[in-house]
Amino acid sequence: MNSRPVKSRPGLMLREFSQIIRTRLSNKLAEIGLTPVWFAALGALISGKAETGAELARYFSTDPTAVTRTIDRMEAAGFVTRERSAKDRRVFVINVTDKGKKAFPKAKAIADENEQLFFGVLSEEQKDMFVDTLAKLIANASKMSPEIDWEN
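Here we summarise the structure given alongside this text.

**Quick notes on the packing of aromatic side chains**
For the coordinates displayed, the defined rule picks out 6 aromatic pairs. Here F17 and F118 contribute two aromatic rings whose centre-to-centre distance is 6.3 Å and whose plane-to-plane angle is 85 degrees, an arrangement assigned as edge-to-face. You can see F17 sitting in helix α1 (residues 10–30) and its partner F118 sitting in helix α5 (residues 98–119), a full 101 residues away along the chain. A residue is classified by how much of its surface remains accessible, and F17, at 28% relative accessible area, is partly exposed. A relative accessible area of 19% means that F118 is categorised as buried. An aromatic cluster of at least three residues, connected via ring pairs, comprises F17, F118, F119 and F130. The ring of F79 carries K99 above its face, with NZ or CZ at 4.7 Å from the centroid.

Below is the structure:
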């Protein structure tokens, strides 16, 4: 168990908590061949929030080159394919394969279980307050550093 005092700098505490959550999620998703980033990308594609690499980059506020590398890896693993857009031949549409569609509900169940494990100690009111506070902090931080590192 950790012997450090509970109170510390909030940013460091948030990073530590995030790392613990992400490590467990990464390990569990790896069991079905996914990463947290791939899971997020599949979610955005399946829900229709994005259908191209550029749209994914805008949706996740990240570098298009990093998204392209991620899509390359997802395509090599068989979770997505690319095809030229019928509307604009310069654009490639990303399609989720049957393998990706089959993996997504499993990944969502893993993510839901992970959230319950780490946030289940909070009441609904506390969770809502925590989410509202995080949203406020993220909005403020985005003004200073709008691009998030997609791969890390």
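**Side note on the nonpolar core**
Core analysis: the largest hydrophobic core is formed by 25 residues, its most contacted members being L29, L34, L42, L56, I71, M74 and V80. At the level of secondary structure, the elements contributing two or more residues to this core comprise α1, α2 (36–46), α3 (53–59), α4 (64–76), β2 (92–96) and α5. The greatest single-element share of this core, amounting to 7 residues, is contributed by α2. With sequence-adjacent residues up to four places away left out, V80 is seen in contact with L42, L45, I71, M74, E75, I94, N95, V96 and T97.

**Digging into the packing of α2 against α4**
Two numbers describe how α2 lies on α4: the axes approach to 11 Å, and their chain directions differ by 90 degrees. Considered as vectors, α2 and α4 are oriented roughly perpendicular to each other. Residues V37, W38, A41 and L42 of α2 form the contact with α4, whose own contacting residues are T70, R73 and M74. Considered class by class, the residues forming the contact of α2 with α4 number 5 nonpolar, 1 polar and 1 charged.

**So, α4**
The first and last C-alpha atoms of α4 sit 18 Å apart over 13 residues, in line with the 18 Å expected at 1.5 Å per residue. Every buried residue of α4 is accounted for by A66, V67, T70, I71 and M74. Along the axis of α4, the buried residues cluster in a sector spanning 135 degrees; they form a single face. Contact partners of the buried residues in α4: α2, α3, β1 (80–84) and β2. Just past α4, the residue G78 takes up positive phi, approximately 90 degrees.

Definitions and cut-offs
Residues numbered from 1 in each chain as written. Predicted model: local features only at pLDDT ≥ 70, side-chain atom pairs only at ≥ 80, totals over all residues. Heavy atoms only, no water. Phe/Tyr/Trp six-rings, centres within 6.5 Å; stacked < 30°, edge-to-face > 60°. Helix = DSSP H or I, 4+ residues; strand = E, 2+ residues; numbered from the N terminus. Buried < 20%, exposed > 50% of the residue type's maximum accessible area, 1.4 Å probe, protein only. Lys NZ or Arg CZ within 6 Å of the ring centre and 35° of its normal. Core = buried A, V, L, I, M, F, W, Y, C linked by side-chain atoms within 4.5 Å. Contact = heavy atoms within 4.5 Å. Axes fitted to C-alpha atoms, helices over the stretch in contact; angles between N-to-C directions. Parallel < 35°, antiparallel > 145°, perpendicular 65-115°, else oblique. Nonpolar A, V, L, I, M, F, W, Y, C, P; charged D, E, K, R; others polar. Expected span 1.5 Å × (residues − 1). Arc of directions from axis to C-beta.

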